[in-house]
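Chain and residue survey
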Amino acid sequence: MISAPLIVITGPTASGKTSKAVALARALGGEIISADSRQLYRGMDLGTGKDLNEYGGVPYHLIDICEAGYRYNLFEYLRDYEAAYADIVGRGRQPILCGGTGLYVESVLKGIKLPPVPQNPALRESLRDKSLEELTLILSRYKTLHNVTDVDTTKRAIRAIEIADYYHTHPHLQSLTEPHPLQGAVVVGVDIDRDSRRSRITARLKARLQAGMVQEVERLLAGGIPAENLIYYGLEYKYLTLYVTGQLTYDEMFTGLETAIHQFAKRQMTWFRGMERRGTHIHWLPWDLPDDEFVSQVKAISLSSDT
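First, a word on what this report is: a plain description of the structure on this page. Keep in mind it's a predicted model, so treat the numbers as computed, not measured.

**Some words on the side chain of Thr280**
- Inspection of the secondary structure puts Thr280 in the loop between helix H12 (250-277) and strand S8 (283-286).
- With relative accessibility at 15%, the residue Thr280 sits in the buried group.
- Leaving out residues up to four positions away in the same chain, Thr280 has contacts with Leu109, Val187 and Met275.

**Comments concerning empty space enclosed by the protein**
- Counted by the stated rule, this structure contains one cavity of 30 Å³ or more.
- Approximately 30 Å³ is the volume found for the largest cavity.
- Lining the largest cavity are Ile201, Arg204, Leu205, Arg208, Glu236 and Ile261.
- Its residues assigned to classes, the lining of the largest cavity comprises three nonpolar, no polar and three charged.

**A look at the packing of helix H2 (residues 74-90) against helix H3 (residues 102-110)**
- The contact between H2 and H3 brings their axes to 11 Å, and the two run at 55°. Considering their axes alone, H2 and H3 lie oblique with respect to each other. Two packed elements cross with a definite hand, and for H2 against H3 that hand is right-handed. Judged by residue contacts, Leu74, Tyr77, Leu78 and Tyr81 of H2 engage Leu103, Tyr104, Ser107 and Val108 from H3.
- In terms of residue class, the contact of H2 with H3 is made up of seven nonpolar, one polar and no charged.

**A short note on the packing of aromatic side chains**
- Taken as a whole and judged by the stated rule, the model has eight aromatic pairs.
- Centre to centre, the rings of Tyr77 and Tyr104 are 3.9 Å apart; their planes meet at 10°, and the pair counts as stacked. On the criterion of sequence distance, the pair formed by Tyr77 in helix H2 and Tyr104 in helix H3 is long-range, its members being 27 residues apart. Judged on exposure class, the residue Tyr77 and its partner Tyr104 are both buried.
- With centroids separated by 5.8 Å and ring planes inclined at 35°, the aromatic side chains of Tyr81 and Tyr85 adopt a geometry described as tilted.

**A closer look at the packing of helix H9 (residues 213-222) against helix H11 (residues 235-244)**
- Across the interface, H9 lies against H11 with an axial gap of 10 Å and an inter-helix angle of 80°. Comparing their axes, H11 and H9 come out roughly perpendicular. Packed against H9, whose contacting residues are Met213, Val214, Glu216, Val217, Glu218, Leu220 and Leu221, the element H11 presents Glu236, Tyr237, Leu240, Thr241, Tyr243 and Val244 at the interface.
- Residues of the contact of H9 with H11, tallied by class, amount to nine nonpolar, one polar and three charged.

**A short note on the environment of Asn73**
- Summarising the element assignment, Asn73 is placed in the loop between strand S5 (66-67) and H2.
- C-alpha of Asn73 to C-alpha of Ser37: the two residues are 36 residues apart in sequence and 8.6 Å apart in space.
- In terms of polar contacts, Asn73 uses its side chain to reach the backbone amide nitrogen of Phe75, at 3.2 Å.
- Engagement of the side chain of Asn73 in a polar contact is seen with the backbone nitrogen of Glu76, the distance being 2.8 Å.

**Some thoughts on the pairing of S8**
- The alternating pattern of S8 places His283 and Leu285 on a buried face and Trp284 and Pro286 on a face that is not buried.
- Alignment of strand S7 (residues 186-191) against S8, held across four bridges, turns out to be parallel. Paired with Gly189 across the two strands is Trp284, which belongs to S8.

**Quick notes on H11**
- Counting buried positions along H11 yields seven of ten residues, so the element is predominantly enclosed.
- Where H11 is concerned, the buried positions are Leu235, Glu236, Tyr237, Tyr239, Leu240, Thr241 and Leu242.
- In the stretch just after H11, Gly246 is the one whose phi turns positive, near 85°.

**Re the nonpolar core**
- Counting 51 residues, the largest nonpolar core has Leu6, Ile33, Tyr77, Tyr81, Leu97 and Leu209 as the members making the most contacts within it.
- Put simply, the parts of the chain that give this core at least two residues each are H2, H3, helix H8 (194-210), H9, helix H10 (227-232), H11 and H12.
- Among the elements that line this core, the one with the most residues is H12, at nine residues.
- If we ignore the near neighbours within four places in the chain, the residues touching Tyr81 are Leu6, Ile33, Leu62, Leu97 and Val108.
- Listed in part, the 24 residues of the second largest apolar core include Ala4, Ala25, Leu285 and Leu289.

Parameters and conventions
- What you see as residue numbers is a count from 1 along each chain, following the sequence as written.
- Local features are withheld for residues below a pLDDT of 70 in this predicted model, meaning they are given only at 70 or higher, and side-chain atom pairs are given and counted only at 80 or more; totals for whole chains, interfaces and linings count all residues.
- As a convention, hydrogens and water are excluded, and side-chain values are obtained from all of the structure's heavy atoms.
- In DSSP terms, a helix is any run of H or I states spanning at least four residues, a strand is any run of E spanning at least two, and both are numbered starting from the N terminus.
- Note on exposure labels: buried denotes an accessible area under 20% of the residue type's maximum, exposed denotes more than 50%, and partly exposed covers the range between, all computed with a 1.4 Å probe on protein chains only.
- Should any heavy atoms of two residues lie within 4.5 Å, those residues are counted as being in contact.
- Only protein atoms enter the 1 Å grid used here, on which a cavity is any set of points holding a 1.4 Å probe that cannot leave and a pocket is any open set flanked by protein within 12 Å on both sides along at least five of seven lines; residues with an atom within 4 Å of a point are listed as lining.
- Grid points are joined across faces, edges and corners, and a volume is the space filled by probe spheres set on the points.
- Under the grouping applied here, Gly and all other residues not named as nonpolar or charged are polar, the nonpolar ones being Ala, Val, Leu, Ile, Met, Phe, Trp, Tyr, Cys and Pro and the charged ones Asp, Glu, Lys and Arg.
- Under this scheme, a helix contributes an axis fitted over its contacting stretch, all axes are lines through C-alpha atoms, and angles between N-to-C directions fall in the 0 to 180 degree range.
- Roughly parallel means an angle under 35 degrees; roughly antiparallel, over 145; roughly perpendicular, 65 to 115; everything else is oblique.
- For a crossing to be left-handed, the near helix must be turned anticlockwise from the far one by less than a right angle; the clockwise case is right-handed.
- Stacked, tilted and edge-to-face are the three classes applied to pairs of Phe, Tyr and Trp rings, where Trp contributes its six-membered ring and a pair requires centres within 6.5 Å; stacked means planes under 30 degrees apart, edge-to-face means over 60, and tilted covers the rest.
- A 3.5 Å cut-off defines polar contacts: any pair of N or O atoms within that distance qualifies, except that in protein one atom must be a possible hydrogen donor and the other a possible acceptor, and neighbouring residues in sequence count only when both atoms are side-chain atoms.
- Strands are treated as partners if at least two bridges between them are detected by DSSP.
- What makes a nonpolar core is a set of buried Ala, Val, Leu, Ile, Met, Phe, Trp, Tyr and Cys residues whose side-chain atoms join them at distances within 4.5 Å.

Set out below in structure tokens:
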């Protein structure tokens, strides 16, 4: 078993990182902690690409932990990650973090802690009628905006300002939010060339539509989840909801969604390159490397990191 405190398997969508992480977990007696911001939700299976059959008995964590329609956040993720990590390590197993949500992966590696922030009704009221552009400007006065999802809606922007203001008025908490990088973690990226990635994205999208992804969205809507809540999750749920509710034709949905997923994968790679510039060493291994060779190379990387 590798003695690394954490092994991270990351990469863009459709790179095959889950199967690689599963092979590694089998070889090392490990368990997988998901770092995917949408696989948290129950009932959102095909649209998030859970592919739970790939795990084949390998234990996984932070998948299907909250109801669809809920808006999970980074504070909750770091809290739940810490609990899962402690549980795995406490049983003498190897924790493997697997997923492509760069914000989650980088926050774990940096050792960021986020104290709970209470609501500030007076502040919220003062911001209620401001535009998203105005809210973005206000937030930028508190901090540099690395994470654009903080300002993708007025509701999220107001909450981000509320959090930033709380830390500003409680300076003794600032030290808790400063990075304390995890030492000894092994970070492996699944590297896939652009053409292969695009081909796999298109093939996977067609397969999931054939498997019933439209029907999945119809069930979620019929179950009482408002359309705007599904649209909030973006990508598959945005475009399929617009299709199911008659706002897009099937061809418009497919073309728009295919393009959006390609753009999403590109943004993921931009985030990973940014992580490298910010000091995270990612060992990139080819996506089409056989599983046994992938495992061997990760073991070698871990041993070299120990020396």
